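Breakdown of the fold
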Amino acid sequence: MPRTTSLAMTPPPFLPAEQEEAWSRLEYVVRQGWRCGLVVGPAETGKTVLLEAVAKSRTTLQVCRLDVAGWTRDDFAEQAAAALGDSVNGPWATLEDWFLGAAVTEQRSLWIIDHLDQSADDLVLSWRRLMKLAEATRSPATFVGAVRDIAEVADLCDLIDLTCELPAWSATTTAAYL
């Protein structure tokens, strides 16, 4: 079962000046309950750090964090359903049931999908299906993902409400972090 935490979001302990705007945008997407936010940036720019901070923050949201590096399409549905509990009727049916329950109880959820561009299969259609399932069940869900290149998720652009682009860390920023 996803974790329930409080709504106060606190930034990571170390947030380089270059990342402050991205953090503010990501926080806004979550607080407003928008459908989808995307963090884009080269490797080692702090995408996962931001997503981890959101996942660990105190929110009143159900948080389901999926690190999809190496996953196949089948893994996506199975692992997402497993994060919610038993998958008796198959993964997509389990996800639908969960979203229906969240809609009835008005339980907001936050789905964090990291390393989408490092999966074994193209998972864009699986992510789209998950988002559309939440929409069809009227479940109040927000999805936040991370990729290195926006082109990796071109087929999702119509569903993304806000994109945060992270610049590469400078040598000074990296030295300060270390």
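If you're wondering where the values come from, they're calculated on a predicted model, not measured in any experiment. (Residues numbered from 1 in each chain as written. Predicted model: local features only at pLDDT ≥ 70, side-chain atom pairs only at ≥ 80, totals over all residues. Heavy atoms only, no water.)

1. With respect to the packing of aromatic side chains
Taken as a whole and judged by the stated rule, the model has six aromatic pairs. Summarising the aromatic geometry, the rings of Tyr 28 and Trp 34 are spaced 5.2 Å apart at their centres and angled 90 degrees between planes, so their arrangement reads as edge-to-face. An angle of 45 degrees between the planes, with centres 5.4 Å apart, marks the rings of Phe 99 and Trp 111 as tilted. One end of the pair, Phe 99, is in helix H4 (residues 91-105); the other, Trp 111, is in strand E4 (residues 109-114), and twelve residues separate them in sequence. Residue classification places Phe 99 among the buried residues on the basis of a relative accessible area of 0%. Above the ring of Trp 92, the side-chain terminus of Arg 129 is found at 4.1 Å from the ring centroid. (Phe/Tyr/Trp six-rings, centres within 6.5 Å; stacked < 30°, edge-to-face > 60°. Helix = DSSP H or I, 4+ residues; strand = E, 2+ residues; numbered from the N terminus. Buried < 20%, exposed > 50% of the residue type's maximum accessible area, 1.4 Å probe, protein only. Lys NZ or Arg CZ within 6 Å of the ring centre and 35° of its normal.)

2. Details of the packing of H4 against helix H5 (residues 124-136)
Following both chains from N to C, one finds H4 and H5 inclined at 35 degrees, their axes separated by 9 Å at the closest point. Of the two possible hands of crossing, H4 and H5 adopt the one that is right-handed. Side by side, H4 and H5 meet where Trp 92, Leu 95, Glu 96 and Phe 99 of the first sit next to Ser 126, Arg 129, Leu 130, Leu 133 and Ala 134 of the second. Looking at side-chain class alone, the contact of H4 with H5 contains six nonpolar, one polar and two charged residues. (Axes fitted to C-alpha atoms, helices over the stretch in contact; angles between N-to-C directions. Left-handed = near helix turned anticlockwise from the far one by under 90°. Contact = heavy atoms within 4.5 Å. Nonpolar A, V, L, I, M, F, W, Y, C, P; charged D, E, K, R; others polar.)

3. A few points about H5
The terminal C-alpha atoms of H5 lie 18 Å apart, and with 13 residues this matches the ideal 18 Å at 1.5 Å per residue to within 8%. Looking only at H5, the buried set comprises Val 124, Ser 126, Trp 127, Arg 128, Leu 130, Met 131, Leu 133 and Ala 134. Those residues of H5 hidden inside the fold are in contact with strand E2 (36-40), helix H3 (73-84), H4, E4 and strand E5 (141-147). Just past H5, the residue Arg 138 takes up positive phi, approximately 60 degrees. (Expected span 1.5 Å × (residues − 1).)

4. Details of the pattern of salt bridges
For side chains bearing opposite charge, pairing can occur when the charged atoms are close. On inspection of all chains with the given rule, the structure shows eight salt bridges. The salt bridge involving Glu 135 is made with Arg 35; its shortest N-O contact spans 3.1 Å. Taken together, the residues span a long stretch of sequence, with Glu 135 in helix H5 and Arg 35 in the loop between helix H1 (20-32) and E2 at a distance of 100 residues. Residue classification places Glu 135 among the partly exposed positions, given a relative accessible area of 42%. For Arg 35, a relative accessible area of 28% translates into the label partly exposed. A salt bridge links Arg 128 to Asp 158; the nearest nitrogen and oxygen atoms lie 2.4 Å apart. Of the two residues, Arg 128 sits in helix H5 while Asp 158 sits in the loop between E5 and strand E6 (162-165), which places them 30 residues apart along the sequence. Among the residues examined, Asp 158 registers a relative accessible area of 52% and is labelled exposed. Linked by salt bridges that have partners in common, Arg 35, Lys 132, Glu 135 and Asp 161 make up one network. (Salt bridge = Lys/Arg side-chain N within 4 Å of Asp/Glu carboxyl O.)

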